[in-house]
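These are the residues of each chain, in order.
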Amino acid sequence: MKTIHASLSVQGMTCASCVGRVERVLRALPGVTQANVNLATERAEIDLDDAARVEQAIAAIEKAGYSASRINDQSEDNLAQRQAEEAGRLRLSLIIAALFALPVFVLEMGSHLIPGMHHWVAQNIGLKISWYVQWLFTTIVLFGPGWRFFKAGVPALLRGAPDMNSLVAVGTSAAYAYSVVAVLLPQWLPEGTVNVYFEAAAVIVALILLGRFLEARAKGNTSEAIRHLMGLQVKTARVVRDGQAVDTDIQHVRQGDVVEVRPGERIPVDGEVIEGHSFVDESMISGEPVPVEKTTGSRLVGGTVNQTGAMTLRATNVGSNTVLAQIIRMVQQAQGAKLPIQAMVDRITLWFVPAVMLAALLTFLVWLVFGPSPALTFAVVNAVAVLIIACPCAMGLATPTSIMVGTGRGAQMGVLFRQGEALQSLRDARVVAVDKTGTLTMGRPELTDFIVADGVDKDATLAMVAAVESRSEHPIAQAIVKAAQNAGLALPALTRFESVTGYGVNARINGATVAVGADRYMRKLGLDVGAFSAEAERMGAEGKTPMYAAVDGRLAAIIAVADPLKSTTRGAIDAMHQLGLKVAMITGDNQRTAQAIARQLGIDEVVAEVLPDGKVDAVKRLQAQYGPVAYVGDGINDAPALACADVGVAIGTGTDVAMEAADVVLMSGDLGGVPDAIALSKATMNNIRENLFWAFAYNVALIPIAAGVLYPAYGLLLSPVFAAGAMALSSVFVVSNALRLKRFQPPVRAR
């Protein structure tokens, strides 16, 4: 049965209990196999058995008290715009609340701050009139800017599913109602308890709005990576139609269209150069600042910046199929993911708000029965403090904000987390297993050594050897031909060509006989290769297989062709060792070559001469021996091992099959992305742990204080006003701490 994936925008969630409620509603629907809801991205990612059930999911979310809509490639998620609009609304609400709450606070609490203030109010305004003014201004605050808490919190409370808004609504209305009774019906209250707490209700709303506003601004910064990526998408392209270049909306560009790109412009779509030469800044996908040369036949990626020359390209991928669109999609999916660590948080927060309301009720009853006079006043104030201080906003934001910033920073570095879970599991890796060809090496043979005997002309000999090898399609032969062409050598014509099976090849060139082959071919021709013994020994130690060339019966040159190591490979492996990881190489190459490369690079363990299923067996053996394994590969033959490993890491310059099987994609094709990704994973998980610690420690420590446990010993009580300030600051702290990940510096590139 085919699974349909849908992304929904969910609005109206304010805390962790909202997230748990939406998830519970979605998972209860028939046909929904998986549902993850994210507070920071305001998204729900769901897997269903039928596309028609998406509307049922939206209806269920709306029935639970939130609003939802579907996100797809045509209707892009406008999270940034919504966050900006919400921040604007909060700013206006905050200004109004602050303007009316400040006089209430000054009238009631001024005597604690300014000597003689109480007498001045009593003599010039009158205590009763002061209370009426406070009542009026508090009413404006509660039912103006503070109405949002009642509008969302009361229905949630009536549904038996209270959330953060419910806590604020109950807490402020308790303080407000008690104060109204004290003003209008003081005879209803016991003697000595006739006090007003309008300032608590008004200032609580103002402070929580301040926290929400700061939180909204900070959350806007967490989605900066997505906004930056979307900003790289070009709006128009210069398409050649009927022989004329016409500016065309990017949505109307089709695969196969011919597109012109001028110097300094962003490349509009993925394509292949059919005319022109330039250098292109590809740092947005690779993280590497050095421009890449592009000539006829070169691949271009949409969103990268053309620098010096004009080019014409043929579009190969457009719309949602471009590399940039896929990167944005991968980052969004990773940011919306739920890490295993979040499961514990979800279980706690699901029952947290009801538990807080019970704690507030117990606080009220204990103070009412056992508290000193005036017991009712103490009971109300402390119960309100418990309700206000325990809002679980920080818990709900602790994990998703770190994931958003961490995956966004990864995208800027060219490390794409296709699966959000990889952000946690990569941290636990004990072994990094790497494929050789295309991962450690360039993935294509090159002429690495061409050493001639004394008195032999190097260029002339290379030209003749290349001419002989030009008759062969073997990669080694093609590497020699390419080296001669790159040196600008003209290949002489052949008059005869012969292949000697198992030995080598020979040909007649300008009247001379040229033979190329292994040492056994030279011995067959009666030639002694001892003159090159030192070079042959060195090449063997480097994992290269030497070949020889002879001209007219005289040994002329020793040749080596190898797949050269990438310049960044050694530094990347050193960085992995510094992170405390073992590095293993799993390759289908011969044992001798593999061991030689391992010695050069300092690789800890080698598994050579294995087929694709042998790579899977090797990964399983490493898992059993050392623990979690991250496997790095680039080819189709690596796909089974990538899927089998705890974390599969694909080199972005490799095949689509490998990238589909992987959890993490390194866009640069640079192995240095592996220690970068692991270090980022460790930093992100540390950040999440810090956030969770402070979110939980804050509640564990302050709820008892708000309930009044310090009063018997120290006479200390936590004012509801300070409780509101502390609650607001806890959310701001969590988001600000997550934003520190934007400054993360990868270990390889930093060095």
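From a predicted model like this one, the values you see are computed outputs, not experimental measurements.

K.L.:
Hey, could you run me through the sheet that holds strand β17 (residues 496–500) in this one?
P.N.:
The sheet built from six strands is open, its strands ordered β16-β21-β20-β19-β18-β17 with antiparallel pairing. Only two strands of the sheet have a single neighbouring strand rather than two, namely β16 (446–452) and β17. Averaged over all adjacent pairs, the angle separating strand axes in this sheet is 20°, with direction ignored. In this sheet, strand β21 (residues 554–562) lies alongside β16 in antiparallel orientation, the contact comprising six bridges. Across the sheet, Leu-447 pairs through a bridge with Val-561, a residue of β21.

K.L.:
Whenever I open this one, the pattern of salt bridges confuses me. Can you help?
P.N.:
It is possible for side chains bearing opposite charge to pair when their charged atoms get close. Taken as a whole, this structure holds 16 salt bridges when the rule is applied. The salt bridge involving Glu-23 is made with Arg-27; its shortest N-O contact spans 3.6 Å. Taken together, the positions of Glu-23 and Arg-27, both in helix α1 (residues 16–27) and four residues apart, correspond to about one turn of that helix. Accessibility expressed as a relative area gives 3% for Glu-23, which makes it buried. Under the relative-accessibility criterion, Arg-27 is labelled partly exposed at 44%. A salt bridge links Lys-615 to Asp-435, with the nearest nitrogen and oxygen atoms 3.1 Å apart. Placement of the pair is Lys-615 in helix α22 (residues 612–626) and Asp-435 in the loop between β15 (431–434) and β16, with a sequence separation of 180 residues. A relative accessible area of 2% places Lys-615 in the buried class. Each of the salt bridges in this network shares a partner with another, and the network as a whole consists of Glu-86, Arg-89 and Arg-148.

K.L.:
Would you mind going over the packing of α1 against helix α2 (residues 53–63) with me for this structure?
P.N.:
The interhelical angle for the contact between α1 and α2, taken along N-to-C directions, is 140°, at an axis separation of 9 Å. One way to sum up the angle between α1 and α2 is to call them oblique. As α1 packs across α2, the resulting crossing turns out to be right-handed. Contacts between α1 and α2 involve Val-22, Val-25 and Leu-26 on the former and, on the latter, Ala-57, Ala-60 and Ile-61.

K.L.:
Just checking my understanding: could you explain the environment of Gln-233 for this structure?
P.N.:
Structurally, Gln-233 is set in the loop between α9 (224–231) and β5 (236–241). Separated by 17 residues in sequence, Gln-233 and Ile-250 have C-alpha atoms that sit 9.1 Å apart. Leave out the neighbours within four places in its chain, and Gln-233 touches Leu-324, Ala-325 and Ile-328.

K.L.:
Is there a simple way to explain the environment of Met-547 in this structure?
P.N.:
Considering the arrangement of structural elements, one finds Met-547 in strand β20 (residues 546–551). Separated by 29 residues in sequence, Met-547 and Ala-518 place their C-alpha atoms 4.7 Å apart. When near neighbours in sequence (up to four residues on either side) are disregarded, Met-547 contacts Ile-476, Ile-480, Gly-517, Ala-557, Ile-558 and Ile-559.

K.L.:
Got a minute to help me understand the sheet that holds strand β1 (residues 4–11) in this structure?
P.N.:
What links the strands of a sheet is backbone hydrogen bonding, and the strands pair in either a parallel or an antiparallel sense. Judged by pairing direction, the sheet is antiparallel, and its four strands sit side by side in the order β2-β3-β1-β4 without closing on themselves. Unpaired on one side and paired on the other, β2 (32–38) and β4 (67–71) mark the two borders of the sheet. Recorded for the sheet is a direction-independent mean angle of 25° between the axes of neighbouring strands. Alignment of β1 against β4, held across five bridges, turns out to be antiparallel. Its bridge partner being in β4, Gln-11 is matched across the sheet by Ser-67. Against the sheet, α1 contacts β2 and β3 (43–48), and its axis sits at roughly 165° relative to β2. Along the sheet face, α2 touches β1, β3 and β4 and points at about 155° away from the line of β4.

K.L.:
Please explain the pairing of β5 as it appears in this structure.
P.N.:
Successive side chains on a regular strand alternate, one facing one side of the sheet and the next facing the other. Relative to strand β6 (residues 244–249), β5 runs antiparallel, the two sharing six bridges. By the bridge assignment, Val-239 is partnered in β6 with Val-246. What sits between β5 and β6 in their antiparallel hairpin is a turn of two residues, with Asp-242 showing a positive phi close to 55°. Taken together, the two bridges between β5 and strand β7 (residues 258–261) define a ladder with antiparallel strand orientation. Across the sheet, Arg-238 pairs through a bridge with Glu-260, a residue of β7.

K.L.:
Any chance you could explain the UniProt feature "transmembrane region" (unreviewed entry) in the protein here in plain terms?
P.N.:
Cross-referencing UniProt, the feature "transmembrane region" (unreviewed entry) maps to residues 90–109, 129–147, 167–189, 195–214, 348–370, 376–399, 692–711 and 717–739 in the present numbering. Taken end to end, residues 129–147 has its terminal C-alpha atoms 25 Å apart, with 84% of it in helix and 0% in strand. Secondary structure across residues 692–711 divides into 85% helix and 0% strand, with the first and last C-alpha atoms of the span separated by 28 Å.

K.L.:
Explain helix α20 (residues 569–578) to me, please; I cannot follow it from the model alone.
P.N.:
Those residues of α20 lying buried are Thr-569, Ala-572, Ile-573, Ala-575 and Met-576. Down the axis of α20, the smallest arc covering the buried residues is 155°, so these residues share one side. Positive backbone phi, approximately 80°, marks Gly-580, located one or two places after α20.

K.L.:
I tried to follow the packing of aromatic side chains on my own but got confused; where do I start?
P.N.:
Two aromatic rings, taken as a pair, are described by how far apart their centres are and by the angle between their planes. Following the criterion strictly, the structure yields 13 aromatic pairs and no others. Taking the centre distance of 6.0 Å and the plane angle of 20° together, the rings of Trp-147 and Phe-150 count as stacked. With Trp-147 and Phe-150 both in helix α6 (residues 147–158), this residue pair falls three residues apart, about one helical turn. Given the relative accessible area of 41%, Trp-147 is considered partly exposed. Exposure remark for Phe-150: the relative accessible area of 11% places this residue in the buried category.

K.L.:
Quick question: what am I supposed to make of the nonpolar core here?
P.N.:
Side chains of a nonpolar character, in soluble globular proteins, are inclined to be buried together. The biggest cluster of nonpolar side chains holds 137 residues, and the ones touching the most others in it are Met-13, Leu-26, Met-576, Met-585, Leu-671 and Val-674. The leading source of residues in this core is helix α25 (residues 673–707), at 14 residues. Apart from the residues lying within four places of it in its own chain, the contact partners of Leu-26 are Val-32, Ala-35, Val-37, Ala-44, Ile-46, Ala-57 and Ile-61. Leu-462, Val-468, Ala-557 and Val-561 belong to the second largest nonpolar core, which has 23 residues in total.

K.L.:
I keep staring at a nonpolar patch on the surface and nothing clicks. Help me out?
P.N.:
Together, Leu-358, Leu-361, Leu-362 and Leu-365 line one region of the surface with nonpolar side chains, adding up to about 380 Å² of accessible area. Residue placement: Leu-361 occurs in helix α12 (residues 340–370).

K.L.:
What should I look at first to understand the pairing of β1 in this one?
P.N.:
Relative to β3, β1 is paired through six bridges, and the arrangement is antiparallel. Its bridge partner being in β3, Ser-7 is matched across the sheet by Glu-45.

Conventions used here
Chains are numbered independently. Their residues run from 1 in the order of the written sequence. Reporting in this predicted model follows two pLDDT cut-offs: at least 70 for local features of residues, and 80 or more for side-chain atom pairs to be given and counted; totals over whole chains, interfaces and linings ignore these cut-offs and use all residues. Only heavy atoms go into the side-chain values, all of them from the structure, while hydrogens and water stay out. Here, any two strands with at least 2 DSSP bridges between them count as paired. Secondary structure elements are taken from DSSP: a helix is a run of H or I of four residues or more, a strand is a run of E of two residues or more, and numbering for both begins at the N terminus. Helix axes use the C-alpha atoms of the stretch in contact, all axes being lines fitted to C-alpha atoms, and the angles between their N-to-C directions lie in the range 0 to 180 degrees. Criterion for a salt bridge: a side-chain nitrogen of Lys or Arg within 4 Å of a carboxyl oxygen of Asp or Glu. A simple rule labels every residue: compare its accessible area, found with a 1.4 Å probe on the protein chains alone, to the largest value its type can have, and call it buried under 20%, exposed over 50%, or partly exposed in between. Relative orientations are named as follows: roughly parallel for angles under 35 degrees, roughly antiparallel for angles over 145 degrees, roughly perpendicular for angles from 65 to 115 degrees, and oblique for any other angle. What makes a crossing left-handed is the near helix being turned counterclockwise from the far one by less than a right angle; a clockwise turn instead makes it right-handed. Whether two residues touch is decided by their heavy atoms; if any such pair falls within 4.5 Å, the residues are in contact. UniProt positions are given in the numbering used here, feature names are shortened, and annotations may be inferred rather than shown by experiment. Note that the arc is computed from the directions linking the helix axis to the C-beta atoms. In this analysis, rings of Phe, Tyr and Trp, with Trp reduced to its six-membered ring, are considered paired at centre separations within 6.5 Å, and the interplanar angle assigns stacked below 30 degrees, edge-to-face beyond 60, and tilted for intermediate values. Working definition of a nonpolar core: buried Ala, Val, Leu, Ile, Met, Phe, Trp, Tyr and Cys residues. They are joined through side-chain atoms within 4.5 Å. Every patch collects residues that have over 30% relative accessible area and no salt bridge, joining them within 9 Å if they carry like charges and within 5 Å if they are nonpolar side chains (Val, Leu, Ile, Met, Phe, Trp, Tyr). Every accessible area reported is derived by Shrake-Rupley at a probe size of 1.4 Å, with residue values counting cover from the shown protein chains alone.

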